[in-house]
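This is what each chain is made of:
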There are 2 protein chains.
Amino acid sequence: MMAELVTIAVDVMGGDNAPQAVLDGIERVLAENPDIQVIACGLPEVVEPFAAAHERCKAQAASEVIAMDEHPANAVRRKKDSSIVVGCRLVKEGAAQGFFSAGSTGACLSAATLVVGRIKGIKRPALGQILPAYERPTLLLDVGANADCKPDYLVQFGLMGSVFMRQLMGVAAPRVGLLNIGEEEEKGSEFAVECHRQMKAALPGFSGNAEGRDVLTGHFDVVVTDGFTGNVVLKTVEGASKTLFRYIKDVFMASPKTKVGALLVKADLAEVKTKLSPDTYGGAPLLGVKGAVLVGHGSSGALAVANGIAKAAETVRADVAGVIAATLAEEAVQ
Amino acid sequence: MMAELVTIAVDVMGGDNAPQAVLDGIERVLAENPDIQVIACGLPEVVEPFAAAHERCKAQAASEVIAMDEHPANAVRRKKDSSIVVGCRLVKEGAAQGFFSAGSTGACLSAATLVVGRIKGIKRPALGQILPAYERPTLLLDVGANADCKPDYLVQFGLMGSVFMRQLMGVAAPRVGLLNIGEEEEKGSEFAVECHRQMKAALPGFSGNAEGRDVLTGHFDVVVTDGFTGNVVLKTVEGASKTLFRYIKDVFMASPKTKVGALLVKADLAEVKTKLSPDTYGGAPLLGVKGAVLVGHGSSGALAVANGIAKAAETVRADVAGVIAATLAEEAVQ
């Protein structure tokens, strides 16, 4: 039996390498996934000839583009015919089930919240990021949707993260950790102590405090924090990995001996770099909105775009938003 | 001309490998630095025979030990004859000019604040950590002394960090960044926006927002944040570097070809690991107390202890505490 077609709206104008990298990514994902259909949103002269030349691809003209440096909420309110707003509207109206963009993260968050809308009962949607932890992938959230949080937001982040890891990554009983600065429950800032108390009382699967070093060990399936700390951690991981590879490159160039050694390990080492690259996962899921919204890295290349679209389709099939809504309704009853 | 002797009190009972690693570290630092003298604080049966056998080493009996998992402030108040409290008392009384411990960080912070005392005008002492950023070392603070901060604390952290980098690391005009989640001044949490405003108004050398990826690039000499975020970042860097080396080790063991390659680069790669190890710097300076207090990693080996003691002596010679006090007095006048 063929799987049913899933339709993903794609912001063709978003990202440092748009529109070419996005078009290449769409071409790639369509070729590899006969059960995915794409609505390419963007300037008509870009999306229309492309859609005409590709099967399972429709064009949706959008006359405006939101730049990376515009004020997100203002841009979304003002540019109602931008590719981001148009793509989100397709999801709201049911023409698409998911949306992918490598454009302005802030604008995507605003549009997803304002246009697609929050799941009933969700206080704040949160942006998640799958990290390549050693033992298994770890979902960190919020990585930037909410710089200021209240403790009850974090309880919901834990619940949404759990659903994502269960539905999409096949983790039967996700272990959820609260990012903190010590293992004991009385450790941390006043905010963290109160989050711990509320998560312990209300969150199934809560496994105590996680520390910074745990985000890459895989000891937790989900690590929950506010959007300020989460964004700092995410960028610290990116920076640490980049700096480490610079040091390693220097070592490889140090002498004729190390140069020969480098040749022998280079190909395999590139795989580590790939594993740690944000392109591999393809995007950060925005959890808590009614639909599958994925935001890609601004620097996304074609591979990252293809992975992001495929991941958005998987998120649709796994019905992450539906299960979050159902779980929330259940918990509210208890 | 011989440099004058600097006396450092050392907590012989602190750390996972105490007392042996601490004694070995003292032996090492004494052998390498004829201008350093140590007061070894600890159980008499441990420190007395050691001091008797080493030049420039005195013993100071301390009948109690604060364990790593004790409540810091309570332990410091109750165990007045513990090696940490006794060591800090030697600094307060002027018998020593600096103190080093690889024991409980919390207990060292409590004892340093309660016993050694804050510099006049300093609201909260902060724990700094030198990070091995690519272009030059970067001082991150606070890395854990104050989980809850007010914006004006961070202005002082910036000032203290600047003095440290100028006096001790020879940076003529340190660039101070505020850890935040975007470059623009209106970005971030309410707390971060207010910190930015106050730092911009009052802090010489303030160079705007730094992001998570900047803590390892060397684009800033000092990166300032609250003790919660700073501790999370520090542990994230440690964890990222550990995970990356695990991945690299797996690559090296992957095939006969990579095993040969690994042999050729192994020695040089070990240097990178050393550079990134917390042992290399030897300890985290506690800035804002009247004296040079350095806290080592719990896992400190002899090398880290020796480096920590040497760094405490350098901090004394550079008169970091004195210059902080003078700068604060000057700024207050303005």
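Residues numbered from 1 in each chain as written. Chains lettered and ligands numbered in written order. Predicted model: local features only at pLDDT ≥ 70, side-chain atom pairs only at ≥ 80, totals over all residues. Heavy atoms only, no water.

**Section: the relation of the copies chain A and chain B**
Working step 1: Rotating chain A by 180° about the axis while translating it 0.0 Å along that axis superimposes it on chain B, leaving an RMSD of 0.1 Å. In short, the pair behaves as if placed about a two-fold rotation axis. Scanning chain A for the C-alpha nearest the rotation axis identifies glycine 261 of chain A, at a separation of 1.9 Å.
Working step 2: When the interface residues of chain A are mapped onto chain B, 100% of them again lie at the interface, so the same face is used by both copies. (Least-squares fit on C-alpha atoms with pLDDT ≥ 70 in both. Contact = heavy atoms within 4.5 Å.)

**Examining the pattern of salt bridges**
Working step 1: Throughout the structure, instances matching the rule amount to 28 salt bridges over all chains.
Working step 2: Close ionic contact of glutamate 70 of chain A with arginine 78 of chain A constitutes a salt bridge, the shortest N to O distance being 3.4 Å.
Working step 3: The shortest N-O distance in the salt bridge between glutamate 70 of chain A and lysine 79 of chain A comes to 2.7 Å. You'll find glutamate 70 of chain A and lysine 79 of chain A in the same group, each marked buried.
Working step 4: Look at the salt bridges and you will find they share partners, linking Glu211 and Arg213 of chain A together with Lys235 and Glu238 of chain B into a network. (Salt bridge = Lys/Arg side-chain N within 4 Å of Asp/Glu carboxyl O. Buried < 20%, exposed > 50% of the residue type's maximum accessible area, 1.4 Å probe, protein only.)

**Points about the side chain of glutamine 156 of chain B**
Working step 1: With respect to the helices and strands, the residue glutamine 156 of chain B is situated in helix H6 (residues 151-169).
Working step 2: Relative accessible area serves as the criterion here: at 10%, glutamine 156 of chain B is assigned to the buried category. (Helix = DSSP H or I, 4+ residues; strand = E, 2+ residues; numbered from the N terminus.)

**A few points about the interface of chain A and chain B**
Often, the extent of an interface is quoted as the loss of accessible area on bringing the components together.
Working step 1: Of the residues lining the interface, 54 residues belong to chain A; the matching set on chain B comes to 54 residues.
Working step 2: A buried area of about 4,900 Å², summed over both sides, lies between chain A and chain B, and 72% of it is on carbon and sulfur atoms.
Working step 3: When the area that chain A buries against chain B is broken down by residue, the three leading residues are Tyr134, Phe228 and Tyr247 of chain A, summing to 15%.
Working step 4: Along the contact surface separating chain A from chain B lie four salt bridges.
Working step 5: For the salt bridge of lysine 235 of chain B with glutamate 211 of chain A, the shortest nitrogen-to-oxygen distance reads 2.3 Å.
Working step 6: Taken together, chain A and chain B are joined by 14 residue pairs in polar contact (both at pLDDT 80 or more). (Buried area = accessible area lost by both parts, 1.4 Å probe. Polar contact = N/O pair within 3.5 Å; in protein donor to acceptor, adjacent residues only side chain to side chain.)

**Looking at the sheet that holds strand E5 (residues 126-131) of chain A**
All names here are of chain A.
Working step 1: An order of E3-E2-E1-E4-E11-E10-E5-E6-E9-E7-E8 is seen for the 11 strands of this open sheet, with the pairing classed as mixed. Of all the strands in the sheet, just strand E3 (57-61) and strand E8 (206-210) have a single pairing partner and so form its edges. Between one strand axis and the next, the sheet turns by 25° as a mean value, whatever way the strands run.
Working step 2: In the packing of helix H4 (residues 83-92) onto the sheet, contacts are made with strand E1 (6-11), strand E2 (36-42), E3 and strand E4 (98-101), and the angle to E4 comes to roughly 165°.
Working step 3: Where helix H11 (residues 302-317) meets the sheet, it contacts E1, E2, E4 and strand E11 (292-295), and its direction lies at approximately 140° from that of E1. (Pairing = 2+ DSSP bridges. Axes fitted to C-alpha atoms, helices over the stretch in contact; angles between N-to-C directions.)

**Let's talk about the side chain of serine 162 of chain B**
Working step 1: By secondary structure assignment, the location of serine 162 of chain B is in helix H6.
Working step 2: For serine 162 of chain B, the contacting residues outside a window of four places in its chain are Pro174, Val176, Pro204 and Val222 of chain B.

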